[in-house]
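# Coordinates in review
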2 protein chains.
Amino acid sequence: MLKEIFAPEAVAVIGASPEPARLGHTVLKNIVENGFRGKIYPIHPKAKQVLGIDTYSSVLDVPGPIDLAVIIIPAQFVLDVVDQCGKKGIRGLVVISAGFKEVGGEGKELERRLIETINSYGMRMVGPNCLGIIDTISSLNASFAALMPDAGNIAFMSQSGAMCTAILDWSKPKGIGFSRFVSLGNKGDVDEVALLEAWNDDAHSKVILAYLEGISNGPGFIEAARKVTKNTPVVAIKSGTTTAGTRAASSHTGALAGSESAYEAAFSQSGILRARTMSELFDLAQLFAYQPLVKGNRVAIVTNAGGPGIIATDAVERSGLKMATLSEATVATLRAGLPAEANVFNPIDVIGDARSDRYKVALDAAMADPSVDAAVVLLTPQAQSDLIETVDVIVDAAKRFAKPVVTSFMGDYSLGPSLERLNANKIPNYQFPERAIQSLAAMHRHYLWTQRPEPQYRRFEVDQDRVAKLFADIRSSGRVELGEIEAREVMEAYGMRLPKSRLARTPDEAAEIAAEFGFPVVMKISSPDILHKSDIGGVKVGIADASGARDAFELIEYRARKYNREARIWGMLVQQMVPKGREILVGVSRDPQFGPLVGVGMGGIYVEVLKDIAFRLAPISEYEAEEQLRSIRTYPLLRGVRGERRADTDAIIETVLRVSQLVTDFPEIVEMDINPLVAYNRGEGAIVLDARIILK
Amino acid sequence: MLKEIFAPEAVAVIGASPEPARLGHTVLKNIVENGFRGKIYPIHPKAKQVLGIDTYSSVLDVPGPIDLAVIIIPAQFVLDVVDQCGKKGIRGLVVISAGFKEVGGEGKELERRLIETINSYGMRMVGPNCLGIIDTISSLNASFAALMPDAGNIAFMSQSGAMCTAILDWSKPKGIGFSRFVSLGNKGDVDEVALLEAWNDDAHSKVILAYLEGISNGPGFIEAARKVTKNTPVVAIKSGTTTAGTRAASSHTGALAGSESAYEAAFSQSGILRARTMSELFDLAQLFAYQPLVKGNRVAIVTNAGGPGIIATDAVERSGLKMATLSEATVATLRAGLPAEANVFNPIDVIGDARSDRYKVALDAAMADPSVDAAVVLLTPQAQSDLIETVDVIVDAAKRFAKPVVTSFMGDYSLGPSLERLNANKIPNYQFPERAIQSLAAMHRHYLWTQRPEPQYRRFEVDQDRVAKLFADIRSSGRVELGEIEAREVMEAYGMRLPKSRLARTPDEAAEIAAEFGFPVVMKISSPDILHKSDIGGVKVGIADASGARDAFELIEYRARKYNREARIWGMLVQQMVPKGREILVGVSRDPQFGPLVGVGMGGIYVEVLKDIAFRLAPISEYEAEEQLRSIRTYPLLRGVRGERRADTDAIIETVLRVSQLVTDFPEIVEMDINPLVAYNRGEGAIVLDARIILK
């Protein structure tokens, strides 16, 4: 849990200046004035005392042990003092100093050596080039932030120091409290993965927030996130347009996998909730920090006004939650306790002149109802409203029932004290009802995630050696793209079904092979110099007899020569013609951070024009592959429409899993398309008609 | 401009009670204390004075003229006093009293009589059952609201009184100012249409906001909105799930037209910007109220921090706006005026320690650049930030250039005075950058709307009489659904192309007709008792010769008898078989509020499974029909993919326009499908293969 950084017993501040204008002074002051209870050692070459504390010229002169050193000195001196820290046996560093990787050139080299040094001593480091860290549990503010946040149970990490400042400034007057607050800086050592691991078992943090610009260790991130999200919700905002748009993609799948696909897949497969805006990030943070986890999707709404009730109902329906159907007993209780004009069905309308007693009747009844999983209390301030008493009713109900309650007290001017009281009692309030509902919906998604079974990775019996040997041969011949026959061999080795197929070197041989397979057949040019076979007329389908096969051979050969006189023509591939089915694309694109992204979609125009393709990162579990296939918009076509039978979705999923295994076994595969995979009706399987594989 | 309501010179308050707890007292107090400069006449049966003002027992006793009467007395007495108001020559009424339509039964009848009375005197009325109205221009607060809003140029109307209270309470501390503020109540007379018309030429309102739950006069709303949005932006939030889900739909189009389709179409065709949340409503309101209209989509961003700059850039790209490419001159100016570490390309990063001078260099250069249409200034509070001076730089730039500037000062605690100064100087500030960008994007959509040509409605030469006669015949026979031959006749009369087709009564006749048309042909059962022809095997395609035609006749007849022994069989329709093309659905569903909704989409699974259909309300202009067709997701398939030629989109659009004309001419058509319309390549037209029409 990175105790050396978050819970040190003694802290050295290297660069603790006596001059108030220097950052080193601010950092020491922040540590001293915010109530850190451990020992504090200012380190400064000349000063005797800073802020009335005895100062040492080096950590090596400090008599007692030190756990954490905070460094705020010019970059060129950092290496030396870090070395001293190592000698002193210090385990944790927060390097605030700038002038490293972010300035390029020498700075980059300096950072490399810094990391080397800390690794050689086994130290852990936050930074360099960061705002510092804050830990309200140990009352440690080792940062130059102008504000100390309130204590609370939100853990926050940010790759942008400016965002840290803005968030502190923004959250302070709202009374939003943090447990840990980390500015990651250049992520020389401690990065988002290390923090996720550190905070996995953190009893002080009920929710982890992350502002991310880029992730360097994709697989590590997913692994860490998967673990932590089973206990603690993680909400992330990911910004930054990557350069993926400029990556050259030579396969369909490569062209379809945008820069966002990998992040979307990573978040989805590791249970991270993605916030689209900063407001959303904190909407969720407050709900998770303040309220128990929702256990279902049925929402009750209590309101003193019709309009907001309608807005909230709309929002419930759009968000994937459901309006709870109140039990007969609840309706009876409401009818007995509320005036005749009240609406006793959900949304429960206690009418504009409601005082807290009516809210109590309605909220207690709703919360007690087993068919309600969460309650949303709406209030528009009216002359008769007794706001404080109404808050007390809500707080009381929240205490008695293990279900989340959120509010939307709509207004501002007359609400001040009631909003403070809600916050003090950990009832999240949202300016407008939609945001309350959206937050509950996200919490429900998190609940479903925690209920998911552990991922099962199916491992198929395959002939891995055969593929390894084939790839070695291809690379030794200096090629990166597999020919059709080679790609076919890979498919076969990984257990996919293929149509019968054999290379014919002469027209007569083509006729013989075709006769053996049975007519009709397909014939295709086989040449390492012709990649887009259809474009040059290099594919003939529906060849009905022996003379047709001979004709096709010569015609395709003629066309291939016309297209490229120098092309090496290996012959014509004669292929069994398989019956029609639903055409699927299964493909792979390799993301630089996250590794192989496997995509699946219905082939042809569905993926090409409608971009209807879903990605997951390999290795893919069975559950994930099912979810992946279900998430394409054209899934209903696979389930069968207009009396069609259901496609063999199991066979499609199995193909996705076999591809996942293939690209996990062979990281040298950078792009791959199975296009089309022809899927037949349920129970009838699927056949790979064509495949392309490109190696690194 | 409803002068009698918003700018009266003398106001009577009927029900002005001396008791402070009564609403009538609050209303009088609101009028007196908020500075209304005209004459005020409290009306009360017994009191001599209220709030020190002489009181009359009836408006008829008041010596001078009265323009507006505000009524706050029990519902059962309202009719009498309204009658007195009429006699007195009062032109405007605000009826706050409840107990009318909203309570049902007698209240409904009371409201009907109330409306009758005001109509007989030619009076205009807001309400009944409302909060009242506020007009800051004439300083009139004729409401029982607890707050008087600041003066400003936002006009607001709401169908929910509670929403009025919440908005007043919410906007007051933010200094958001209103020109007019109307609680519509039951909309007995003045409704959203009347207010749009009234506010069309209102120099005091730069933007109109509407909270709508339902619109009763759809076509009137569209007409009024179309006019006003050319001058003044209208932003609406529409809530309320309608009951349309339960409407029975017997056509494809009917089933696809959800409750939202009509509102989406109405807003799109009348230039209303739709806000999804209350926050969005006011985000837009402030931008329109404070800043000049944006004239293009190129945005410059000035920031003192990288993270928010990235967030804003992402938001620009997602929103349909573009990051401006700064001119070389601008880049040179920035390079000369900013430190070396600054980013002089867009987003312009003035670096964390920037003071207002750097913001000035950056913002002035960006605003002066002709390739920039709007600027967004981001600021995260840093130790070096001089907030007030930075605001002054922004205000100065905003004054000198006729382009919008918005800010996102991110934080709260340290920003108070700077945020107030921004607001006082009409610079809209947004908590987070995304909201600033989204608001600019909406403003840009409004700009594009104002640039649109006036809608042109093409009127085709058609045989309207023939259709009128046909419909009359069908109705007199007691049917509502047209048979295929009848639907064909309607299509012909409205100038659509159809395949040759004729009814055969015997197998021999079928063979003769088919020979005349030329083989192959299609044959279909013609029977008023068999609607879903394909389902019973009542359609045969690809009939190749005369004997095939005879066989098909008998086979279909046999199947039809098997299906329904009593079916009236008129014969078989022999139809020319047309070549394949792209299949389109053009259909109609009639919305209870807005009238005929015409939908267009690619036929088959695209509309059925992917729900890819776009709706517009008839009559549809040429421009709208083009935009409608372009807005379907499958439009690229019509434009041509994979070397296909472009479909004859002009012919599809013409069909939409002819259908629009047909359903405008014949309001009795409640549902209609042309399915499929077969569209050929550009220049080759489109043919209606099958049509269904259902009358009221």
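Residues numbered from 1 in each chain as written. Chains lettered and ligands numbered in written order. Predicted model: local features only at pLDDT ≥ 70, side-chain atom pairs only at ≥ 80, totals over all residues.

### Comments concerning the overall build of chain A
Within chain A one finds 24 helices and 29 strands. C-alpha atoms of chain A, sized along the principal axes, occupy 95 × 80 × 40 Å. Here chain A holds 696 residues, and the buried ones make up 53% of them. Looking at chain A alone, contacts between residues at least 24 apart form 72% of all its contacts between residues at least 6 apart. (Helix = DSSP H or I, 4+ residues; strand = E, 2+ residues; numbered from the N terminus. Buried ≥ 20, exposed ≤ 12 C-beta atoms within 10 Å, placed from the backbone. Contact = placed C-beta atoms within 7 Å.)

### Details of the sheet that holds strand S6 (residues 92-95) of chain A
Residues and elements named next belong to chain A. With parallel pairing, the five strands of this open sheet are ordered in space as S2-S1-S5-S6-S7. The sheet is open, and its two edges are formed by strand S2 (39-43) and strand S7 (124-126), each paired on a single side. Geometrically, the sheet is characterised by an average inter-axis angle of 20° between neighbouring strands, direction not taken into account. Relative to S2, strand S1 (residues 10-14) runs parallel, the two sharing five bridges. The residue of S2 that forms the bridge with Ile14 is Ile43. (Pairing = 2+ DSSP bridges. Axes fitted to C-alpha atoms, helices over the stretch in contact; angles between N-to-C directions.)

### Quick look at the sheet that holds strand S5 (residues 68-71) of chain B
Residues and elements named next belong to chain B. The five strands are arranged S2-S1-S5-S6-S7 in an open sheet whose pairing can be described as parallel. The open sheet is flanked by strand S2 (39-43) and strand S7 (124-126), the only strands paired with a single partner. Neighbouring strand axes in the sheet, compared pairwise and without regard to direction, differ in orientation by 20° on average. Here S5 runs beside strand S6 (residues 92-95); their pairing, made up of four bridges, is parallel.

### Structural notes on unusual backbone geometry
Residues and elements named next belong to chain B. Omega for the bond connecting Asn346 with Pro347 falls within 30 degrees of zero, at 0°, which places this linkage in the cis form. Here Pro347 lies in the loop between helix H12 (328-337) and strand S17 (348-349). The phi angle at Ile351 is positive, at roughly 75°, despite the residue not being glycine.

### Details of the pairing of strand S18 (residues 374-379) of chain B
Residue and element names in this part refer to chain B. With six of six residues buried, S18 is to be regarded as a mostly interior element. Side chains of S18 alternate between two faces, with Ala374, Val376 and Leu378 and Ala375, Val377 and Leu379 buried alike. As judged from the four bridges shared by strand S15 (residues 298-303) and S18, these two strands associate in the parallel manner. The residue of S18 that forms the bridge with Val299 is Ala374.

### Topic: the packing of helix H6 (residues 192-199) of chain A against helix H7 (residues 218-229) of chain A
All names here are of chain A. Remark: H6 packs on H7, axes separated minimally by 9 Å, with the N-to-C direction vectors making an angle of 20°. One finds that H6 runs roughly parallel with respect to H7. Crossing of H6 against H7: the hand is left-handed. Facing Glu192, Val193, Leu196, Glu197 and Trp199 of H6, the residues of H7 in contact are Gly220, Phe221, Ala224, Ala225 and Val228. (Parallel < 35°, antiparallel > 145°, perpendicular 65-115°, else oblique. Left-handed = near helix turned anticlockwise from the far one by under 90°.)

### Observations concerning the domain arrangement of chain A
Domain boundaries in chain A define domain 1 (3-205), domain 2 (294-451), domain 3 (464-576) and domain 4 (582-695). Each of domain 1 of chain A and domain 2 of chain A was reduced to a C-alpha centroid, and the two centroids are 43 Å apart. (Domains from an automatic or database assignment.)

### Considering the nonpolar core
Counting 415 residues, the largest nonpolar core has Val70 and Val302 of chain A together with Val70, Ile71 and Val302 of chain B as its most contacted members. Filtering out sequence-adjacent residues up to four positions away, Val302 of chain A remains in contact with Ile348, Val350, Tyr359, Ala362, Leu363, Ala366, Ala375, Val377 and Leu378 of chain A. Counting residues in each nonpolar core, the second largest holds 20 residues, with Ile513, Val521, Ala549 and Val574 of chain A among its members. (Core = buried A, V, L, I, M, F, W, Y, C linked by C-beta atoms within 7 Å.)

### Considerations on the pairing of strand S29 (residues 691-695) of chain A
Residues and elements named next belong to chain A. Most of S29 sits inside the fold, with four of its five residues counted as buried. Where strand S27 (residues 669-679) and S29 come together, five bridges link them in antiparallel fashion. From the neighbouring strand, Glu671 faces S29, where its bridge partner is Ile694.

### Section: the interface of chain A and chain B
Often, the extent of an interface is quoted as the loss of accessible area upon association of its parts. Residue-level contacts link 51 residues of chain A with 51 residues of chain B. For the side of chain A that touches chain B, the secondary-structure elements that each account for two or more residues are helix H5 (161-171), helix H10 (278-290), helix H11 (306-319), helix H21 (605-608) and helix H23 (635-639) of chain A. With eight residues, the single largest contributor to the side of chain A that touches chain B is H11 of chain A. Looking at the side of chain A that touches chain B residue by residue, the class counts come to 25 nonpolar, 17 polar and nine charged. (Nonpolar A, V, L, I, M, F, W, Y, C, P; charged D, E, K, R; others polar.)

### Quick word on the relation of the copies chain A and chain B
Aligned on chain B, chain A shows an RMSD of 0.1 Å; the corresponding rotation is 180° and the shift along the axis is 0.0 Å. Viewed as a symmetry operation, the transformation between the two copies matches a two-fold axis. Comparing contact sets, 100% of the residues at the interface of chain A also lie at the interface in chain B, consistent with an isologous, same-surface contact. (Least-squares fit on C-alpha atoms with pLDDT ≥ 70 in both.)

### Things to note about the environment of Leu503 of chain A
Secondary-structure assignment places Leu503 of chain A in strand S20 (residues 501-504). Here Leu503 of chain A falls in the partly exposed class, since 15 other C-beta atoms lie within 10 Å of it.

### Some points on the packing of helix H17 (residues 464-476) of chain A against helix H18 (residues 484-493) of chain A
Residue and element names in this part refer to chain A. In the contact formed by H17 and H18, the axes pass within 9 Å of each other and the chain directions differ by 160°. The orientation of H17 relative to H18 falls into the category roughly antiparallel. Crossing handedness for the pair H17 and H18: left-handed. Here Arg466, Val467, Leu470 and Ile474 of H17 lie close against H18, whose contacting residues are Glu486, Glu489, Val490 and Ala493. When the residues that make up the contact of H17 with H18 are grouped by side-chain class, the tally is five nonpolar, no polar and three charged.

### Structural notes on the confidence of the model for chain A
For chain A, mean pLDDT is 92; residues scoring 70 or higher make up 97% of the total. The model gives residues 242-248 of chain A a pLDDT under 50, and that stretch makes four contacts with residues more than four places away or in other chains. (pLDDT = per-residue confidence, 0-100.)

### Examining helix H18 (residues 484-493) of chain B
Residues and elements named next belong to chain B. If you check which residues of H18 are buried, you get Glu484, Ala487, Arg488, Val490 and Met491. Buried residues of H18, viewed axially, fall in a sector of 160°; they line one side. In the core, the buried residues of H18 are packed alongside helix H17 (464-476), strand S20 (501-504), strand S21 (521-526), strand S23 (571-576), strand S28 (686-688) and strand S29 (691-695). Just beyond H18, the residue with positive phi is Gly495, at close to 75°. (Arc of directions from axis to C-beta.)

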